[in-house]
Structures are given as structure tokens and as C-alpha cells.
Amino acid sequence: MASLMQVGPGPAKRAKRLVAGVVFGVLGRGTVACARLDERVRTEVMTWPDGTVITLSISPGSPRTTIRWEGGRLKALGSKTDAESTLLVSFKSVEDAFPALIGMKSVLQPFAEHRATVKGDLALAMSLVRCLHIVEGYLFPDIMNRRILPLPAKREVGHLRAYVALLGTSADLGVPSAASAPSAASAVASSGTSEASGTKGDTA
Amino acid sequence: MIPSYYEFSNRAKVLSGEAAIDHIPFELKVMECARPIIVTNKQLIELGLLKVVLRALAEGGVQVGAIYDDVPVDSSVAVVNDLAAVYRDQGCDAILAVGGGSVLDTAKGANIVLTTGSEDLNEQMGNEIIVARAMVPFIAVPTTAGTGSEVTGAAVIKDIERHTKMGFVSYALVPDVAVLDPRMTVGLPPRLTASTGMDALTHAVEAFSCRQANPLSDAYARAAIDLVREYLPLVLEDGRNASARLAMANAALLAGVSFSNSMVGIVHAMGHSCGGQCSVAHGDAMGILLPHGMEFNVDHAGPRYAELLLHLAGPEVYASTPAADRAAAAIETVRAMLQFTHERAGMPTKLSEVGVTLEQLPGIATAAMNDGSMTFNPRYAEESDVLQILKAAL
Ligand SMILES: [Fe+2]
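This structure is a prediction, so every number in the text was calculated from the model and none was measured.

Colleague: Can you walk me through the overall build of chain A in this structure?
Modeller: Across its full length, chain A holds 7 helices and 6 strands. When the elements of chain A are put in sequence order from the N terminus, they spell out α-α-β-β-β-β-α-α-β-α-α-α-β. Burial statistics for chain A: of 204 residues in total, 49% are counted as buried. Long-range contacts, defined here as pairs at least 24 residues apart, represent 68% of the contacts in chain A between residues at least 6 apart. Summed over all atoms, the accessible surface of chain A reaches about 9400 Å², with 61% contributed by carbon and sulfur.

Colleague: Would you explain the coordination of the iron ion in this entry?
Modeller: Around a metal, the perfect tetrahedron of four donors has angles of 109.5 degrees, and the perfect octahedron of six donors has angles of 90 or 180 degrees. All names here are of chain B. The protein atoms that coordinate the iron ion are Asp199 (OD), His203 (NE2), His268 (NE2) and His282 (NE2), at distances spanning 2.1 to 2.2 Å. In this structure, the iron ion is surrounded by 4 donor atoms whose angles at the metal cover 85 to 168°, and the resulting shape is irregular. Binding-site remark: the iron ion is held by donors from one chain whose sequence spacing is D-x3-H-x64-H-x13-H. With His203 in helix α6 (residues 190–209) and His268 in helix α9 (residues 266–278), the pair connects residues that are 65 residues apart, well separated along the chain.

Colleague: What should I look at first to understand the packing of aromatic side chains in this one?
Modeller: The geometry of two aromatic rings is summed up by the distance between their centres and the angle between their planes. Taken as a whole and assessed by the stated rule, the structure comprises 2 aromatic pairs over all chains. A centroid spacing of 6.5 Å and a plane angle of 25° characterise the contact between Phe24 of chain A and Phe91 of chain A, whose relative ring orientation is stacked. A residue pair is termed long-range when its members are at least 10 positions apart, and Phe24 of chain A in helix α1 (residues 10–37) and Phe91 of chain A in strand β4 (residues 87–91) qualify at 67 residues. Assessed through its relative accessible area of 0%, Phe24 of chain A is described here as buried. When the ring centre of Phe208 of chain B is taken as reference, the NZ or CZ atom of Arg304 of chain B above it lies at 3.8 Å.

Colleague: Looking at this structure, how should I read the interface of chain B and chain A?
Modeller: For interface size, the figure often reported is the accessible area lost on association. Contacts between the two partners involve 34 residues from chain B, matched on the other side by 31 residues from chain A. For the pair chain B and chain A, the number of links is 2 salt bridges. As a salt-bridge pair, Lys92 of chain A and Glu128 of chain B come within 2.9 Å of each other at their nearest N and O atoms. At the boundary of chain B with chain A, the tally comes to 11 residue pairs in polar contact (both at pLDDT 80 or more). Going through the elements one at a time, β5 (126–127), β8 (164–169), α9 and α13 (361–369) of chain B are the ones with two or more residues in the side of chain B that touches chain A. In the side of chain B that touches chain A, the residues fall into 11 nonpolar, 15 polar and 8 charged. Where strand β5 (residues 116–119) of chain A meets β5 of chain B, 2 bridges bridge the pair, whose relative direction is antiparallel. Residue Lys119 of chain A lies in a different strand from β5 of chain B, and its bridge partner there is Gly126 of chain B.

Colleague: Help me out: how do you make sense of the packing of helix α7 (residues 215–237) of chain B against helix α12 (residues 326–345) of chain B in this one?
Modeller: The description of two packed helices rests on the angle between their axes and on the distance between the axes. All names here are of chain B. For the pair α7 and α12, the least separation of the axes is 10 Å and the interaxial angle reads 10°. Viewed along their axes, α7 and α12 adopt a mutual orientation that is roughly parallel. Counting all contacts with α7, which are made through Val228, Arg229, Leu232, Pro233, Leu236 and Glu237, the residues of α12 involved are Met337, Phe340, Thr341, Arg344 and Ala345. The class makeup of the residues in the contact of α7 with α12 is 7 nonpolar, 1 polar and 3 charged.

Colleague: I would appreciate a short explanation of the environment of Ala329 of chain B in the present structure.
Modeller: Residues and elements named next belong to chain B. Within the element layout of this structure, Ala329 appears in helix α12. Separated by 17 residues in the primary sequence, Ala329 and Leu312 have C-alpha atoms spaced 9.5 Å apart. If we skip the residues at most four places from it in the chain, Ala329 touches Leu309 and Thr321.

Colleague: Would you mind going over the pairing of strand β2 (residues 64–70) of chain A with me for this structure?
Modeller: Each regular strand carries side chains that alternate between the two faces of the sheet. Residues and elements named next belong to chain A. Relative to β2, strand β1 (residues 52–58) runs antiparallel, the two sharing 6 bridges. Looking at β2, one finds that Thr55 is bridged to Thr66. Hairpin connection from β1 to β2: 5 residues lie between these consecutive antiparallel strands, with Gly61 at a positive phi of about 155°. Where β2 meets strand β3 (residues 73–78), 5 bridges bridge the pair, whose relative direction is antiparallel.

Colleague: Explanation requested: the pattern of salt bridges in the structure shown.
Modeller: For side chains bearing opposite charge, pairing can occur when the charged atoms are close. All names here are of chain B. For the structure on display, the rule yields 27 salt bridges over all chains. With a closest N to O distance of 2.9 Å, Asp226 and Arg229 form a salt bridge. Here the residue Asp226 and the residue Arg229 both occupy positions in helix α7, the gap between them amounting to 3 residues, near one helical turn. The exposure class of Arg229 is partly exposed, given its relative accessible area of 26%. Salt bridges here are not isolated pairs; linked through shared partners, they connect Asp218, Arg222, Arg304 and Glu307.

Colleague: Explain helix α8 (residues 242–262) of chain B to me, please; I cannot follow it from the model alone.
Modeller: Side chains three or four residues apart in an α-helix point the same way, a direct result of the helix having 3.6 residues per turn. Residues and elements named next belong to chain B. The end-to-end C-alpha distance of α8, which contains 21 residues, comes to 30 Å, matching closely the 30 Å that a straight helix rising 1.5 Å per residue would cover. Burial analysis of α8 places 18 of its 21 residues in the buried class, which makes it a mostly covered element. Where α8 ends, the next residue or the one after it, Met263, has phi of about 65°, a positive value.

Rules used throughout
- Within any chain, residue numbers begin from 1 and follow the written order of that chain's sequence.
- To label them, take the chains in the order written and letter them from A, then take the ligands in the order written and number them from 1.
- Owing to the predicted nature of the model, reporting of local features is limited to residues with pLDDT of at least 70; listing and counting of side-chain atom pairs is limited to 80 or more, with chain, interface and lining totals taken over all residues.
- As a rule here, side-chain values come from all non-hydrogen atoms in the structure, and water together with hydrogens is ignored.
- Secondary structure elements follow DSSP: runs of H or I no shorter than four residues count as helices, runs of E no shorter than two count as strands, and numbering proceeds from the N terminus.
- When accessible area is computed with a 1.4 Å probe and restricted to protein chains, residues below 20% of their type maximum are described as buried, those above 50% as exposed, and intermediate ones as partly exposed.
- Whether two residues are in contact is decided by their heavy atoms: any pair within 4.5 Å suffices.
- The Shrake-Rupley method, run with a 1.4 Å probe sphere, supplies the accessible areas, and residue values consider only the shown protein chains as cover.
- For Na, K and Ca the donor cutoff is 3.2 Å, while for all other metals N, O and S atoms count as donors only within 2.8 Å; water does not appear among the atoms, so some sites may look incomplete.
- The geometry test gives tetrahedral to four donors whose angles all lie between 85 and 135 degrees, gives square planar to four donors and octahedral to six donors whose opposite members are over 155 degrees apart with all other angles between 65 and 115, and gives irregular to the rest.
- Here is the rule: rings of Phe, Tyr and Trp (six-membered ring for Trp) pair when centre to centre is within 6.5 Å. Planes less than 30 degrees apart are stacked, more than 60 are edge-to-face, and the remainder are tilted.
- Remark: a charge is flagged as sitting over a ring if the NZ atom of Lys or the CZ atom of Arg is within 6 Å of the ring centre and within 35 degrees of the ring normal.
- By definition, a salt bridge exists where a carboxyl oxygen of Asp or Glu is found within 4 Å of a side-chain nitrogen of Lys or Arg.
- Polar contact is the term for a pair of N or O atoms within 3.5 Å; when the atoms are in protein, one must be able to donate a hydrogen and the other to accept it, and sequence-neighboring residues count only if both atoms are side-chain atoms.
- Only Asp, Glu, Lys and Arg are considered charged in this grouping, and only Ala, Val, Leu, Ile, Met, Phe, Trp, Tyr, Cys and Pro are considered nonpolar; every other residue, Gly among them, is considered polar.
- For two strands to count as paired, DSSP must find a minimum of two bridges between them.
- Each axis is a line fitted through C-alpha atoms, and for a helix only the stretch in contact is used; angles between axes span 0 to 180 degrees, taken between their N-to-C directions.
- Convention used here: angles under 35 degrees read as roughly parallel, angles over 145 as roughly antiparallel, angles from 65 to 115 as roughly perpendicular, and any remaining angle as oblique.
- Expected helix span is computed as 1.5 Å times (number of residues minus one).

Shown next as C-alpha cells:
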């Protein structure tokens, strides 16, 4: 029997995980920034059940990034948080995540190719993907967007304002009214918020 | 066409043909099981279908642990947990599900509960997250030829308290044995035969043209469509034609293997929400929406539809149709099939015929956008696109 060879992941895979960690951080903050800047993302987020905690990660567990939607506020919690995810998207390996993270492939691709697992409500995952498409439209140049986005990127503010907005980690959107709850059969009813008004905030 | 990456699994052992059900005792023995729980519903018992299974088990010396016949039309968490409790109380060691989609989904849900020991099904909800060395041994006997559930890794279960539909997708959910016995489907009324047949056809067409189509799932889809083309007219002509029934059961199974791996697209996304919002029967929605979904996709999936013409219409039509016209001809063939089932069995051809109103369409479109099947559609659709397709199908 051959002796056990001690082979590590190697520098290339380590570098990919490092890059992935950075991009995850940007995507987390970018989603929060877009919730402030872009009506479409705001509308999506307002349909999420209160207490939603979404984590993107690469198996076996890191890097990762988490965002939380609670009490009308969307917050980027970064990579170090104990918050328990209600939706966990986990790429099966760093190689499965990398092309989508550096803008070489659409974020839909890993889902369509069995490259990612999703723990939680698949309807919420669909909403997240729609948000990420919009976020990518702000983060990446259009030459890249043409390759990775299903439709041409539409922006409600310029790239620059979006980049500046990445400095913030939370967005106060207000508590959704009952009317804005999703009518999807699969969507979780957002209970207990019917008396609150659906005010939109824009605090950085 | 070969995708940059794909995965494929078909682990179910298939027993197909005359007296297939009589092989269940042997299969149980091979899996070292002696006390199966039978999952079914009262209607199937009344139709006498269960008796065929029970006689086979008795003859093979199998002691049935329990018969669970309380499965409703829509599977729910309460029923799944109840079934799991009966299984444990009666000391069962295998699940034998005899029925249509909801029976098989309930059995899959109970299998998740029993295998993972999870008290809350919510924890297991999602895509490819079930972790288990081995599931409870599971034999599926479909009583319709459509869902393909006997070979798929998907289940949908209602959480009535939380008003949600929970989706579970995992290769772990695929039954160990799928039993296709014509005795189970010869009594299926023409209307249901047509509706479930169109569901099977839709599985094959969508699997073949969706983003994850691959050489293995393609082979199953092509074979499925060939059988539907040849045998759907025959079973609608004479429901007692056992070999035609068996062929349609095979078509549904083949299409099931295909879409369990390469998934379905916009037609199913819209069909699921028509079911959820307006209680439209799944197969009816499939028949009505398939040509419309294909129209929408044709600019992106044209070459794939063109290939399907060979299977939808047969070699003569394929060979005599100029290459540039084949995709459109494929869509026309599907339309003609729907029209045929309409004339022969009263299949609806428009959403308005199944009670859907114009006012309901926006809600259906929103729900369709949140359906996981959208991910795999060859052409990206926005909510306004979905609304337009639904209007055209009204
Ligand atoms: Fe279906």
C-alpha cells in the first residue's frame, strides 16, 4: 500500500478561495446597497419574510457572507456571524463558485448545473437570484454584464454611486405592508405586519 | 450538444410488464425487508387496485405492517408526520407506495422524516441537502402514466399552518424500485389518461430543451416522446389495451428520469402556479401551456425543438420538413396532439376552459417567477413575459 501523500489544496485553489471571500463580501454589501438605491431590489427584499437570514458559502463552510432582513432593515453581517441561516446557498467546491463570482459565468449557471445546494425555501432563492442579477449590473462593467446577465443591465443610479454605497452595511427599508407580501403560492406569509406602513428609507 | 458540466443519476431498478407487481415480494427479500407499510388512498382501494398488490404480497409470503390510506389530494406535513408515526409504531421496514403524485410525494416526505430523524420537515427543505447514508427502502407503484414520480428525486409537500408549499429535490428521494404494471393503469378514464400523458410529454420536451439537457437525459427524453407519439392515441382509443398502457407507463418513467436530472422550465413554472393559485389540474395546465411555452422559447431552443420533430412527428415528417421549418413544425405537432386529446377525451385547450380568469393572471405570473423551474428555462423570462404567455393561453 502506498503511504498517504500529504497534498494540500495548492496555491491556485487557496487564491481562488481568497478572491471568493472578497467577492462574497462585496456581493453582501452590494445587495444591501442596491436595496437602498434600486427600486427593484427594494421590492424583492420587501417580500422576504421578517427574520430572513441569507448566507452564500462554499463547501465545506467558508468563505461565506450573510445578510439579514429584520424589522424593516437589511444588514450585511459579513463572514463572521452566528446568525442561523434561513436560506443557505452553498457551492459544492471553490471551482463551482469561482467563474460565477469573477463575472465569467451567470449566477444562474451554478444552479442549473447542480453546482450549488440550496437549504431553505426555493422561492426565496429565486428572489435572491433576481437581486444578484441587478447587483451584478452595478458591480461589473457592461462588457462583462453582456456575458453573464440574462438581459441587458438596467441601472437606476450610476456605477460610481453604487460603489460609494458599498461603504454602508445596512439599509432601512421600513416594515412591509400586507399588500406588498408576495402572492406566490410558495412564499411564506409575512404575518404580523399588516398595520405597519410600507415606508421606504434611504439611510446609508 | 454537450454541456460544460452535468450530473446524472438513475438509481431506481425498473420492473416493467405483465405481473410486475408479483415481483415485489422478491424485491423486498433482496433488500432484506419483511414488513412494508403500504401508502395509498381510499379511492384506489375502492377501484380494487390495492387488491392486486395485496394478493401478490400474500402469495409471496409478505406480512404487511400497515396500510396507510389517508393520503389526501395535496400532500401535507401533518399527513407525512402521521405516516412516519404509523411506520414506526407498526415496526415497518420498507415503504410501498401505490398511487399517483400525491401518494408518492407523501411517501418521499415520510422517508425524509424517517431517515433523517428530523422532527421538522422545514429543516430538510431545499435542493440537494438531504444527507443520509441510506434511505428507508422504498418501492413505488404508479397508478397514472404521467408524473414520473416513481423515478424522480422531487417532492412537494404543503405546510398548511404556514401557508407554504415546501419543495424537496434530492437524488436521495428516488425510489429504489419502480414497478410498472399495466393492471394499475388500464382502468384510467380517457380524460385523466390524456391529461397525465400530456404531463409526461411536457417533462420530455422541457428536459430536452432546458439548460441542463445532456446526452444521457436526452436519450430518455427522445425515447419517451417516441412512445407518447405511438401509444397515446392507442390508449385513448382503447383504454384496456394493456401493451399500450405499459408503453405509456414507460414513457412517463423515461420522461421522469430525464427531467429528474435536467429539470423542467417555464411551462412547469406556470403550471405549478396555475395549480397553486387556481387549482388547475397539473396535466391540464401542461397540455394548455406547452405550445405557448415552446413559442416563447423557440428563439433560444429552436435547434432542440427541430431535433424533437423526429420524435414528435416521426421520421417521415422529419425528413420531408426543411431544416429551417422543423422547430415551428415541432410546436405545431404539439398543438395537434393537444387538439387530438381535446377531440378524443375532452382535454381543455385554453386556461379559460379550466376556470382561470384574466384577473388571476398577474398573481399566477408572480408565483411562476418564484418557481425553481424558471432557473432551467432556456430563455430568461421576466414577469411581463410570463404574463403575456398566460394571456395568449387564456
Ligand atoms: Fe409535470
